[in-house]
Amino acid sequence: SGVILKLDNAAYTQGVPITANGAHVFTVTANDTAGNTAVSSSAFTLNLPPVAPVSPAFSAVEGLGATLSWQSPAQNLAGYRVYKDGALRTQGLLTALQYQDPDFVAGTAHIYEISAMDTTGQEGARARLEIPAVDFSLDSYGVLENGVPALMRGFFDTVRLRLTNRGTGAL
């Protein structure tokens, strides 16, 4: 006549994923129309890997390399790993929420990935940053005086930047 599901002594809705790490008890209570009741419980422990780092960001300064930054996806993590084009770039685990890549060269495509590691050694999903092969350059500025660009007393009349796609794919 009815079934009651409980997870850790609280009502549980069938089909909802169980995502909290730790020890759990799942209990099913079944009642039939004759008034009989049966109870079955199962204890289990979840130890899921951490989720991917949150809000990954990229910045680069020509000649100085690139900086990756992110937010922590959870508390009590052991650290982070950084990959560039599929290869592990960090030795050991990073505890900071950023990584400096001095080898980054503007105008080249790269894929950076950042993963979190928990204290049991599980590596979580990777946050991904795809950096396209583009170059920015100053095309022209100011106004032309005698055919030469000139700046006008503390402000620019116009600034034109050129963006060049160095890759093979459309951007």
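See above for the structure.
Overview of the structure. (Residues numbered from 1 in each chain as written. Predicted model: local features only at pLDDT ≥ 70, side-chain atom pairs only at ≥ 80, totals over all residues. Heavy atoms only, no water.)

1. A few points about the layout of surface pockets
Looking at the largest pocket, its volume works out to about 350 Å³. Ala60, Phe104, Ala106, Gly107 and Val134 are the residues nearest the centre of the largest pocket, which is lined by 16 residues in total. Broken down by secondary-structure element, the contributors of at least two residues to the lining of the largest pocket are strand E5 (54–61) and strand E12 (134–141). Residues belonging to the lining of the largest pocket are distributed by class as follows: 10 nonpolar, 4 polar and 2 charged. Roughly 240 Å³ of internal volume is contained in the second largest pocket. Its residues placed into classes, the lining of the second largest pocket shows 6 nonpolar, 7 polar and 1 charged. (1 Å grid on protein atoms, 1.4 Å probe; cavity = no way out; pocket = protein on both sides within 12 Å on 5 of 7 lines; lining within 4 Å. Points joined across faces, edges and corners; volume = space filled by probe spheres on them. Helix = DSSP H or I, 4+ residues; strand = E, 2+ residues; numbered from the N terminus. Nonpolar A, V, L, I, M, F, W, Y, C, P; charged D, E, K, R; others polar.)

2. As for the nonpolar core
Among the nonpolar cores identified, the biggest contains 13 residues, and Leu68, Trp70, Val82, Leu94, Tyr99 and Tyr112 are the most heavily contacted of them. Those elements that place two or more of their residues in this core are strand E6 (65–71), strand E7 (77–84), strand E10 (110–118) and strand E11 (123–131). Every residue in contact with Tyr112, bar those within four places of it in the chain, is listed here: Phe58, Leu68, Tyr83, Lys84, Asp101, Phe104, Ala127, Arg128, Leu129 and Ile131. (Core = buried A, V, L, I, M, F, W, Y, C linked by side-chain atoms within 4.5 Å. Buried < 20%, exposed > 50% of the residue type's maximum accessible area, 1.4 Å probe, protein only. Contact = heavy atoms within 4.5 Å.)

3. Regarding the sheet that holds strand E3 (residues 22–31)
Strand order in the open sheet made by the 4 strands is E2-E1-E3-E4, with antiparallel pairing throughout. Both edges of this open sheet fall to strand E2 (10–11) and strand E4 (37–46), since each of them pairs with a single strand only. As paired strands, strand E1 (residues 2–7) and E3 are joined by 6 bridges and run antiparallel to one another. Across the sheet, the residue bridging to Lys6 is Thr27, located in E3. (Pairing = 2+ DSSP bridges.)

4. Let's talk about the side chain of Glu113
Residue placement: Glu113 occurs in strand E10. On the basis of relative accessible area, Glu113 is assigned to the buried category, the value being 12%. Separated by 3.1 Å, the side chains of Glu113 and Arg126 make a polar contact. The contacts of Glu113, once residues within four sequence positions are left out, are Arg81, Val82, Tyr83, Arg126, Ala127 and Arg128. (Polar contact = N/O pair within 3.5 Å; in protein donor to acceptor, adjacent residues only side chain to side chain.)

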